Amino acid sequence: ITSAVVFDILPLKLHPFSQSTPTGLDCVGWKRRISSPVITDGALDKTALTDDVGSEEDLYEDFRSSNHRYGHPGGGGEQLAINELISDGSVVYAEALWDHVTMDDQELGFKAGDVIEVMDATNKEWWWGRILDSEGWFPASFVRLRVNQDEPMEDYPLKVEGGKEDDSSSGTRRFGMGQTTKDQMRTNVINEIISTERDYIKHLKDICEGYIKQCRKRADMFTEEQLKTIFGNIEDIYRCQKKFVKALEKKFNKDHPHLSEVGSCFLEYQTEFQIYSEYCNNHPNACMELSRLTKVNKYVYFFEACRLLQKMIDISLDGFLLTPVQKICKYPLQLAELLKYTNPQHRDFKDVEAALNAMKNVARLINERKRRLENIDKIAQWQSSIEDWEGEDVLVRSSELIYSGELTKISHPQAKSQQRMFFLFDHQLVCCKKDLLRRDILYYKSRINMDDMEIVDVEDGKDKDFNISVKNAFKLHCRESEDLHLFCTKKPEQKQRWLKAFENERRQVQLDQETGFSITEVQKKQAMLNASKQHHTGKPKAVTRPYYDFLMRQKHPTLPTTLPQQQVFMLAEPKRKPSNFWQNISRLTPFRK
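Residues numbered from 1 in each chain as written. Predicted model: local features only at pLDDT ≥ 70, side-chain atom pairs only at ≥ 80, totals over all residues. Heavy atoms only, no water.

Per an unreviewed UniProt entry, the recorded name for the protein chain is ARHG4 factor, and the organism is Jacana jacana. Under the Subcellular location (unreviewed entry) heading, UniProt states for the protein chain: "Cytoplasm". (UniProt positions renumbered as here; feature names shortened; annotations may be inferred.)

This is how it looks when you write it as structure tokens:
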């Protein structure tokens, strides 16, 4: 399943199931014979369940030889639904989410906001489409299907920014054979929000009742830890979404859908939606665990039997587990579309506008938390590269490297100056000394608790506290002990960067407190364990790739030009903007590339 194309955009036709669907999942793995259980159209053969005794291998071979698409690329209901529309003569439009720049004459280039006519969606990663007189292949994950498929391309605004059309004068448009207005378009969007929410609830129910419930009955196959890894907190999401859809339906005006006031529902649940952060962070682990289990035949059969018993569409479990990730990213897109067709005089306009911003913030928060959790492995690796480390691990209090660089530290009482490397994390500043011969080796020296510190900007000239002349200096003043730490940089601009970094550190700490961001003890221990394993395998002590480059890639993921992006969580245009900031850091780092 392609992450940017959510399969609940269009209603899917469920495959017909016969009355001989296998019963008794507790028999999975036993010597029970099911002959030819699945035929090519997705329906079960009426003679599927028999009492012939056979091995698990025979059972799996029946599934494999029946041309069933479980776990194979190219399968999935969304391609079927789209191609059914195309084959029926319907015109299917998609809107570009990001620029697709290509030098290949077989590919279709476009810009974000362009509307593409989808002509062939047989392949799940690359679709064939047309813009005006140009045709070609394009990555399916770069687009989303339009809600109002009947709206003509010539009347569709080329750009949408902030949820408003460029052509605000087009209050009335024609589509199909009749006359339409913004109200009718708003009706379409409202109906789409309600219907996809109901479909999503059914997906969550199917996962909880069709998979998790059955897995818990098989303690011989799954531990609780495995189930937590595979399904994450999807049961919490299911409970939250059930309350959310009830709130939506209360606000839904069945007689006049365009008068529905749904914006307040999103505002009410914006905090609850933050539970998606835990799920999105765990999703890569779920994929790895599923991949490991499905290498064993009995697990492939068990998961498929779960799907058949629950009468779910022909999509594998990993596809269903992707839906919450897709859903939380889809809310801002739906709200932007809703705002576009909501008149400023509408009673719901301000709430929809606020809801759009709120859901964008939720998505940003989820992305930021995901990035931070991915960074803790790098921090653990960095610490393992430091010689003579003392005291608690960095991860005990910190999860983000804010800034680093070389400073001259001046200490009492003789005002002795020392060149040291400093690493500013949230909550602490770590001091290291470079090796005299190998400058890429660092020795731990000390650390400063930033929670107790006050930053003092020092003017050039003689400092009264240390009784020496200083230039480009600043102090760290401890509020409790009254201790003073004096630092100097080589250039004024370096001093300004450090002062800005200290501001960012305090801002980061405050934001973490407000959003409740934290790293579990299990995640910290696992990161340190992974770093320790890498160190003991004989890898060089010095980190071979700067940690800062890793941070830059995480903040600004670049979309590929030759292969479609499989998972894109960012809502902003994911392009990396060159900055001298990171170059300056790289020159200050003690690491070799």
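Student: Explain the sheet that holds strand β13 (residues 442–449) here, please?
Tutor: By definition, the strands of a sheet pair up through backbone hydrogen bonds, in either a parallel or an antiparallel sense. A sheet is described by the order of its strands in space; here seven strands give the open sequence β13-β12-β11-β10-β18-β17-β14, paired in antiparallel fashion. The two strands at the open ends of the sheet, each matched to only one other strand, are β13 and β14 (453–458). Between one strand axis and the next, the sheet turns by 35° as a mean value, whatever way the strands run. Examined bridge by bridge, strand β17 (residues 473–478) and strand β18 (residues 484–488) share five bridges and lie antiparallel to one another. Directly across from L476, in β18, lies its bridge partner H485. Against the sheet, helix α10 (residues 349–384) contacts β10 (401–411), β11 (416–425) and β12 (428–434), and its axis sits at roughly 155° relative to β11. Packing against the sheet, helix α11 (residues 492–515) makes contact with β10, β11, β12, β14 and β17, and its axis sits at approximately 125° to β10. (Pairing = 2+ DSSP bridges. Helix = DSSP H or I, 4+ residues; strand = E, 2+ residues; numbered from the N terminus. Axes fitted to C-alpha atoms, helices over the stretch in contact; angles between N-to-C directions. Contact = heavy atoms within 4.5 Å.)

Student: What is the right way to look at the pairing of β17 in this model?
Tutor: Side-chain positions along a regular strand alternate between the two faces of the sheet. Counted residue by residue, β17 has six buried out of six residues, so it is predominantly covered. Here β17 shows a buried face lined by A473, K475 and H477 and a second buried face lined by F474, L476 and C478. Counting the residues between successive antiparallel strands, the hairpin from β17 to β18 contains five residues, one of them, E482, with a positive phi of roughly 65°. (Buried < 20%, exposed > 50% of the residue type's maximum accessible area, 1.4 Å probe, protein only.)

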